[in-house]
Amino acid sequence: MSDTSHDRLLIIDFGSQVTQLIARRLRELNVYCEIHPYQNVTDAFLAEFAPKAVIFSGGPASVFDEGAPQPPASVFDMGVPILGICYGQQVMMHMLGGKVEQGHGTAEFGRAYVTPSDDRIDLLNGWFLEAKEQVWMSHGDHVSQIAPGFEVYGTSPNAPFAITADVARNFFAVQFHPEVHHTPNGKTLYENFVKLAGFTGDWTMGAYREEAIRKIREQVGDAKVICGLSGGVDSSVAAVLIHEAIGDQLTCVFVDHGLLRQNEADEVVTMFRDHYNMPLIHADESDLFLGELEGQSDPETKRKIIGKLFIDVFQKHANEVGGAKFLAQGTLYPDVIESVSFSGGPSVTIKSHHNVGGLPEKMGLKLVEPLRELFKDEVRALGRELGLPDSFIGRHPFPGPGLAIRCPGDITREKLDILRKADAVYIDQIRKHGLYDDIWQAFVAILPVRTVGVMGDFRTYDYACALRAVTSVDGMTADYYPFSHEFLGETATRIINEVKGINRVTYDITSKPPGTIEWE
Ligand code: XMP
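Being a predicted model, the structure only gives us computed values, none of them experimental.

### Structural notes on the overall build of the protein
Logical step 1: Secondary structure summary: the protein contains 15 helices and 20 strands in total.
Logical step 2: Over its C-alpha trace the protein gives a radius of gyration of 26 Å, about what one expects of a compact globule, namely 24 Å for 520 residues.
Logical step 3: If one aligns the C-alpha atoms of the protein with their principal axes, the spans along those axes are about 80 × 60 × 40 Å.
Logical step 4: By sequence separation, contacts in the protein at least 24 residues apart represent 77% of the contacts at least 6 residues apart.

The structure is reproduced here in structure tokens:
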């Protein structure tokens, strides 16, 4: 467990697909919360965590299943407010003496409308301004009898106990999901819940920054720290924060594998070495990487070569720092939650992702991960708080293997040069049209085919390229961006006119799934 100086809310995860959204809503209210899978929440855990309030998430189980997930009974004796959502409501009623019935035709999925009972409670302040509230339901089983002490405060056609509460004990239980977008006024419920639990909204970025700096100093002492800087938002924010905490005890290693975008190396080095005055090793290893990649066209082989070389090179340069005891990483909260996910279990490898995993053990380093408690947009807010320019913070994600995975087939310097130029024109177009911030990620892939064209009175035989632009929330699923025909036409013309070596431009309209965002 990490943070102990804030009022803390505990979310017990029963495996809902949308548990992370509960945390998002709470963080938006400046409330510090952590998600923990129900298996880990024991009596001892509860005592140590000492939450000021608890939320039970939804989940796919039925209280009738053998070994159905439950919180420890002691949670009800802690004297703190509890909110149960969907399965969280059912398990609460089940444990406190109410009844749950199996679906049998009364399942309710999707939009529903809840109407109020005559009595109002503080949880519902700002609700039922209209005669009914839109909510999002997704349940098979339902509560058929509420537990002693509970009253009903809202009903829907298929959920007579849509909103219930035992006001004396501050226990609340709702059948719907207030955390999702389709419960438009859901945030108000969370706001009321944390208010009545006594949260003061002390989780601000300014406070976080102070505290993170204190913790980094405490953890690191006077030891040296190395940090792999990629130029991406996460590692950049981590580096600036750590530098603020320990100054020149931090050295960043920026490995240039020759697969970066136009001007990228210059921008990163200028920003960190010149602007922030950080000790920075700029390791230009492009000959090594491009040499080893020569003649390789299989995507997984390419990824593995890059991953291995990256670790070797990083280790070589990190050794130059001499005596470093810590490795800093920009690990985020979603990575932490995923690793203990309810439904967990090994999933199929689609792509071997590139990271510096394995290094800490190999080099005998301990990890410094100051962003472990943050979501991506919170990292961006922290970056702003630390004075990183917006143009840097808002950058689209860029994968560790770089342009290698945007160059299907053989990688050559010639193709990389063409790709860099085309990509720069495309991104320039997107910026000029004011679309950059609406798009999650955009790039060009150079295709391993040449096509025939005619320019002026001459025949051309050049490469084709594909433009990619997607909207996404987390990169796990994505949809193609609906550019106008005018935009696409203008961009194709510019690329063909300005980039020697390309004579055909296509637009990739595949969503993920079934496609992936990158081409390899
Ligand atoms: P895919 O192509 O799997 O990409 O749909 C999802 C997101 O992950 C990025 N990506 C990577 N990021 N190392 C990274 O740091 C990698 O090896 C890697 N492969 C893909 C990709 O750019 C997209 O944002």
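### Focus: the nonpolar core
In globular proteins that are soluble, nonpolar side chains generally tend to be buried together.
Logical step 1: Membership of the largest hydrophobic core comes to 54 residues, with the highest contact counts inside it found for Ile226, Leu259, Tyr426, Ile430, Phe483 and Ile495.
Logical step 2: Residue contributions to this core peak at nine residues, all from helix 9 (residues 299–321).
Logical step 3: In this view, isoleucine 226 contacts Leu250, Thr251, Phe314, Ala318, Val321, Ala324, Phe326, Leu327, Ala328, Met363 and Leu365; residues no more than four positions away in its chain are not counted.
Logical step 4: Counting 45 residues, the second-largest nonpolar core is a separate cluster that includes Leu280, Val368, Leu371 and Leu382.

### Section: the site of the ligand
Logical step 1: Near the ligand lie 15 residues; those nearest to it are Lys351, Gln441, Lys512, Ile517 and Glu518.
Logical step 2: In this structure, glutamine 441 approaches the ligand through a side-chain N or O atom, which is 2.8 Å from an oxygen atom.
Logical step 3: One of the backbone N or O atoms of isoleucine 517 is found 2.7 Å from an oxygen atom in the ligand.
Logical step 4: Here the ligand, which alone exposes 490 Å², has 84% of that area covered by the protein.
Logical step 5: By residue class, the composition of the shell around the ligand is five nonpolar, six polar and four charged.

### A few points about the packing of aromatic side chains
Logical step 1: Under the defined criterion, the tally for this structure stands at 19 aromatic pairs.
Logical step 2: Here tyrosine 426 and phenylalanine 483 contribute two aromatic rings whose centre-to-centre distance is 6.3 Å and whose plane-to-plane angle is 70 degrees, an arrangement assigned as edge-to-face. Of this pair, tyrosine 426 sits in helix 14 (residues 413–432) while phenylalanine 483 sits in the loop between strand 19 (479–480) and helix 15 (485–498); the two residues are 57 residues apart in sequence, bridging distant segments of the chain. Across this residue pair, the class does not change: tyrosine 426 and phenylalanine 483 are buried.
Logical step 3: Note that arginine 406 overlies the ring of phenylalanine 443, its terminal NZ or CZ placed 3.9 Å from the centroid.
Logical step 4: Above the face of the tyrosine 436 ring, arginine 431 is positioned so that its terminal group lies 3.9 Å from the ring centre.

### Details of the sheet that holds strand 4 (residues 82–85)
Logical step 1: The strand order 2-1-3-4-11-10-9-6-7 describes an open sheet built from nine strands, whose pairing is mixed. At either margin of the open sheet sits one strand with a lone partner, and together these are strand 2 (32–37) and strand 7 (133–139). Strand-to-strand, the axes of this sheet are offset by a mean angle of 25 degrees, without reference to chain direction.
Logical step 2: Two strands pair when backbone bridges link them, and strand 4 and strand 11 (residues 171–174) are joined in this way by four bridges, in the parallel orientation. Residue pairing in the sheet places isoleucine 85 in a bridge with valine 174 of strand 11.

### With respect to helix 4 (residues 186–196)
Logical step 1: Among the residues of helix 4, those classed as buried are Gly186, Thr188, Leu189, Tyr190, Asn192, Phe193 and Val194.
Logical step 2: Residues of helix 4 that are buried make contact with strand 1 (8–13), helix 1 (19–28), strand 3 (53–56), strand 4 and strand 11.
Logical step 3: Positive backbone phi, at 90 degrees, marks glycine 198, one or two positions downstream of helix 4.

### Regarding the packing of helix 5 (residues 205–220) against helix 6 (residues 233–246)
Logical step 1: Across the interface, helix 5 lies against helix 6 with an axial gap of 9 Å and an inter-helix angle of 65 degrees. Put simply, helix 5 runs roughly perpendicular to helix 6. Between helix 5 and helix 6 lies a crossing of right-handed hand. For the pair helix 5 and helix 6, contact is made by Arg209, Ala212, Ile213, Ile216, Arg217 and Val220 and by Leu241, Ile242, Glu244, Ala245 and Ile246, respectively.
Logical step 2: Considered class by class, the residues forming the contact of helix 5 with helix 6 number eight nonpolar, no polar and three charged.

### Regarding the sheet that holds strand 15 (residues 324–328)
Logical step 1: If you walk across this open sheet you meet the five strands as 14-13-12-15-16, and the pairing is parallel. In this open sheet, the two edge strands, each paired with only one partner strand, are strand 14 (280–284) and strand 16 (366–368). When the angles between neighbouring strand axes are averaged without regard to direction, this sheet yields 30 degrees.
Logical step 2: Across three bridges, strand 15 lies against strand 16 in parallel orientation. Considered in strand 16, the bridge of alanine 328 is made with valine 368.
Logical step 3: Together, strand 12 (224–228), strand 13 (250–256), strand 15 and strand 16 form the strand contacts of helix 6, whose direction differs from that of strand 13 by roughly 155 degrees.

### Points about the pattern of salt bridges
Side-chain pairing between opposite charges can occur once the charged atoms of the two side chains come close.
Logical step 1: A complete count under the given rule lists 29 salt bridges for this structure.
Logical step 2: Between glutamate 264 and arginine 261 there is a salt bridge; the shortest N-O distance is 2.8 Å. For the pair formed by glutamate 264 and arginine 261, the shared burial category is buried.
Logical step 3: One salt bridge connects arginine 395 with glutamate 267, and the closest N-O pair in it is separated by 3.8 Å. Here the residue arginine 395 occupies a position in the loop between helix 13 (390–393) and helix 14, and glutamate 267 occupies one in helix 7 (residues 264–275), the gap between them amounting to 128 residues.
Logical step 4: Note on glutamate 267: relative accessible area 39%, which makes it partly exposed.
Logical step 5: When salt bridges that share partners are traced, they join Arg24, Arg25, Arg27, Glu28, Lys187, Asp377 and Glu378 into one network.

### Quick look at the pairing of strand 15
Logical step 1: Burial of strand 15 is extensive: four of the five residues sit out of reach of the surface.
Logical step 2: Where strand 12 and strand 15 come together, four bridges link them in parallel fashion. Its bridge partner lying in strand 15, cysteine 227 is registered against alanine 328.

### As for the pairing of strand 13
Logical step 1: For strand 13, the buried fraction is high: seven of the seven residues fall into the buried class.
Logical step 2: The alternating pattern of strand 13 places Leu250, Cys252, Phe254 and Asp256 on one face and Thr251, Val253 and Val255 on the opposite face, and all of these are buried.
Logical step 3: The sheet contact formed by strand 12 and strand 13 spans four bridges and is parallel. The residue of strand 13 that forms the bridge with cysteine 227 is cysteine 252.
Logical step 4: Between the parallel pair strand 12 and strand 13, the chain is carried across by helix 6, and the sense of this crossover is right-handed.
Logical step 5: Taking the sense of rotation as the criterion, the β-α-β connection linking strand 13, helix 7 and strand 14 turns out right-handed.

So, how was this worked out
Residues numbered from 1 in each chain as written. Predicted model: local features only at pLDDT ≥ 70, side-chain atom pairs only at ≥ 80, totals over all residues. Heavy atoms only, no water. Helix = DSSP H or I, 4+ residues; strand = E, 2+ residues; numbered from the N terminus. Rg over C-alpha atoms; globule rule 2.2 N^0.38 Å. Contact = heavy atoms within 4.5 Å. Core = buried A, V, L, I, M, F, W, Y, C linked by side-chain atoms within 4.5 Å. Buried < 20%, exposed > 50% of the residue type's maximum accessible area, 1.4 Å probe, protein only. Near = heavy atom within 4 Å. Polar contact = N/O pair within 3.5 Å; in protein donor to acceptor, adjacent residues only side chain to side chain. Areas by Shrake-Rupley, 256 points an atom, 1.4 Å probe, with all protein chains shown as cover. Nonpolar A, V, L, I, M, F, W, Y, C, P; charged D, E, K, R; others polar. Phe/Tyr/Trp six-rings, centres within 6.5 Å; stacked < 30°, edge-to-face > 60°. Lys NZ or Arg CZ within 6 Å of the ring centre and 35° of its normal. Pairing = 2+ DSSP bridges. Axes fitted to C-alpha atoms, helices over the stretch in contact; angles between N-to-C directions. Parallel < 35°, antiparallel > 145°, perpendicular 65-115°, else oblique. Left-handed = near helix turned anticlockwise from the far one by under 90°. Salt bridge = Lys/Arg side-chain N within 4 Å of Asp/Glu carboxyl O. Right-handed = clockwise from strand over helix to strand, strands pointing away.

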